[in-house]
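# Chains, contacts and geometry: an overview
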Amino acid sequence: MMCLNMEEVDEEYEKGVDEAISEAVHCLSDELKEILTKNRACWVGRRDRLGASSTIFRELAEEDPLEFKRILRMSVGQFNELLNLIEPKI
């Protein structure tokens, strides 16, 4: 049986979290790409005005960050971090 100290456990945990986030971003990116490809003509002209991230999420983030976190299960900062990772691909 291998014994790990807390530093090694923390490093393993961080590595696992990083891998999980990377995989989630990859999956979300693929799904969003597929959705946008199918609906591109309809969506492109309207997304800046009517898209969820341009309206509801932005308002929630500015006006009620706690409700934003309750609904999306992540903070505004975490959401923006994920968005920045996938934005170039969508």
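This structure is a prediction, so every number in the text was calculated from the model and none was measured.

Turning to the overall build of the protein, a few remarks are in order. For the protein, the helix and strand inventory stands at 5 helices and 0 strands. Listed by position from the N terminus, the elements making up the protein come as α-α-α-α-α. Burial statistics for the protein: of 90 residues in total, 12% are counted as buried. Long-range contacts, defined as pairs at least 24 residues apart, comprise 29% of the intrachain contacts of the protein with a sequence gap of at least 6.

All right, on to the nonpolar core then. With 5 residues, the main nonpolar core is built from Leu60, Phe68, Leu72, Met74 and Phe79. Residues within four places of leucine 60 in sequence aside, it is in contact with Pro65, Glu67, Phe68 and Ile71.

This structure, assessed with the given rule, holds 3 aromatic pairs. Ring geometry for phenylalanine 57 and phenylalanine 79: centres 5.8 Å apart, planes at 65 degrees, overall edge-to-face. One end of the pair, phenylalanine 57, is in helix H3 (residues 56–63); the other, phenylalanine 79, is in helix H5 (residues 76–86), and 22 residues separate them in sequence. Taking relative accessible area as the criterion, phenylalanine 57 reaches 23% and is therefore assigned partly exposed. When its relative accessible area of 17% is taken as the criterion, phenylalanine 79 is described as buried. Arranged with centres 5.5 Å apart and planes meeting at 85 degrees, the rings of phenylalanine 68 and phenylalanine 79 form a pair that is edge-to-face. Placement of the pair is phenylalanine 68 in helix H4 (residues 65–72) and phenylalanine 79 in helix H5, with a sequence separation of 11 residues. Taken together through their ring pairs, the aromatic side chains of Phe57, Phe68 and Phe79 make up a single cluster.

Turning to unusual backbone geometry, a few remarks are in order. One non-glycine residue, arginine 73, lies in positive phi territory at about 65 degrees. Looking at the element boundaries, arginine 73 is found in the loop between H4 and H5. Owing to a relative accessible area of 70%, arginine 73 belongs among the exposed residues under this scheme.

Mean pLDDT over the protein stands at 80; residues scoring 70 or higher make up 77%. For the protein, the element scoring lowest by mean pLDDT is helix H2 (residues 47–50), at 65; H5 scores highest, at 92.

Look at H3 against H4: their axes get within 5 Å of each other, and the N-to-C directions meet at 130 degrees. The orientation of H3 with respect to H4, classified from their angle, is oblique. Only Pro65, Glu67, Phe68, Ile71 and Leu72 of H4 make contact with H3, whose side of the interface consists of Phe57, Leu60, Ala61 and Glu63. Across the contact of H3 with H4, the residue classes tally to 7 nonpolar, no polar and 2 charged.

The rules we used
- Residues numbered from 1 in each chain as written.
- Predicted model: local features only at pLDDT ≥ 70, side-chain atom pairs only at ≥ 80, totals over all residues.
- Heavy atoms only, no water.
- Helix = DSSP H or I, 4+ residues; strand = E, 2+ residues; numbered from the N terminus.
- Buried < 20%, exposed > 50% of the residue type's maximum accessible area, 1.4 Å probe, protein only.
- Contact = heavy atoms within 4.5 Å.
- Core = buried A, V, L, I, M, F, W, Y, C linked by side-chain atoms within 4.5 Å.
- Phe/Tyr/Trp six-rings, centres within 6.5 Å; stacked < 30°, edge-to-face > 60°.
- pLDDT = per-residue confidence, 0-100.
- Axes fitted to C-alpha atoms, helices over the stretch in contact; angles between N-to-C directions.
- Parallel < 35°, antiparallel > 145°, perpendicular 65-115°, else oblique.
- Nonpolar A, V, L, I, M, F, W, Y, C, P; charged D, E, K, R; others polar.

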